[in-house]
Amino acid sequence: MKKLRLGINIDHVATVRNARGGDNPDPMRAALLAQEAGADGITAHLREDRRHISDDDIARLSQGLKIPLNLEMAATPEMLAIALKHKPHAACVVPEKREERTTEGGIDIISHFDRLKPIVTQLKAAGIRVSMFIEPDRKQIDAARELGAPVVELHTGAYANAQGEHREKLLKHIRNGAEFGADIGLEIHAGHGLTYENVGAIAAIPHLVELNIGHFLIGEAMFVGLTNAMARMRECMDRAR
Ligand code: PXP
């Protein structure tokens, strides 16, 4: 099985910085360290309320990395303009509600198809690889293909939070979704809530190409450093393949 790519989400370095204002800790420094430690990409979510990553962070990340930048963005005119300005390697379209603590579910492509279509079209025309962050649901995966997105990122949050039989059921759902998506020609990514403990079963899904992991790794980095935390996550992923 092909090695999985690991994208490091550095949003929560910015969360800690913003707790005090000022410049430290710097998410750009974390991104450079992750790059040095063998990350395959850096992911950053510029939220409408700028609660963690800032516009300046995106400008610096766009300029200063050798590895691909994946910009997570809501499907709004403001975020589209920012993406078109910086032209990151990739854009992952996510739902966004101001009051949520994190991205709590996938985007509902079917309900928002007409609003999403021009955004996806413009991102693609600018040479940005578009992925849609969705629940591992066949209808949503099929809608992503109809939208013209080459990639879907399957939301693993519900799986990560579940226990026992329910977790097994959700895992099967992700596995089936990944297989279906790959069969219809999409590149399949996954992410949200992944830890050393729960990543193995996800990494074992043969159709997956990339995982995006943030919160847990940034937390672990406080105790063992980002390089060590990434190395252990890699081990957990590679062992499962
Ligand atoms: N993928 C997407 C699309 C996300 O929105 C997030 C969270 O910002 C992640 C992956 C990473 O999730 P976590 O921080 O829980 O690892």
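Everything below is about the structure printed above this text.
What this report covers is the structure whose coordinates are included nearby. Worth saying up front: this structure is predicted, and the values here are computed from it rather than measured.

Overview of the pattern of salt bridges
Where charged atoms from two side chains of opposite charge come close, those side chains can pair. Throughout the structure, instances matching the rule amount to 13 salt bridges. The partner of Glu 78 in a salt bridge is Arg 50, with the nearest N and O atoms 2.6 Å apart. In this pair, Glu 78 sits in helix α4 (residues 77-86) while Arg 50 sits in the loop between β2 (41-45) and α3 (55-64), placing the two residues 28 residues apart along the sequence. Using a relative accessible area of 22% as the deciding quantity, one classes Arg 50 as partly exposed.

Let's talk about the site of the ligand
The ligand sits among 14 residues. The nearest are Glu 72, Glu 153, Gly 193, Gly 214 and His 215. A distance of 2.8 Å separates an oxygen atom of the ligand from a polar atom in the backbone of Gly 193. Within the contact set of the ligand, an oxygen atom lies 2.7 Å away from a backbone nitrogen or oxygen of Gly 214. When the ligand sits alone it has 400 Å² of accessible area, and the protein chains cover 95% of it. Partitioned by chemical class, the residues of the shell around the ligand number 4 nonpolar, 7 polar and 3 charged.

A word on the nonpolar core
Counting residues in each nonpolar core, the largest one holds 75 residues, and the members touching the most others are Ile 42, Ile 109, Leu 123, Met 132, Ile 202 and Leu 211. Once you skip the residues sitting within four places of it in the chain, Ile 202 turns out to touch Thr 156, Tyr 159, Leu 171, Ile 174, Ala 190, Leu 194, Leu 208 and Leu 211.

Each value, and the rule that gives it
- Residues numbered from 1 in each chain as written.
- Predicted model: local features only at pLDDT ≥ 70, side-chain atom pairs only at ≥ 80, totals over all residues.
- Heavy atoms only, no water.
- Salt bridge = Lys/Arg side-chain N within 4 Å of Asp/Glu carboxyl O.
- Helix = DSSP H or I, 4+ residues; strand = E, 2+ residues; numbered from the N terminus.
- Buried < 20%, exposed > 50% of the residue type's maximum accessible area, 1.4 Å probe, protein only.
- Near = heavy atom within 4 Å.
- Polar contact = N/O pair within 3.5 Å; in protein donor to acceptor, adjacent residues only side chain to side chain.
- Areas by Shrake-Rupley, 256 points an atom, 1.4 Å probe, with all protein chains shown as cover.
- Nonpolar A, V, L, I, M, F, W, Y, C, P; charged D, E, K, R; others polar.
- Core = buried A, V, L, I, M, F, W, Y, C linked by side-chain atoms within 4.5 Å.
- Contact = heavy atoms within 4.5 Å.

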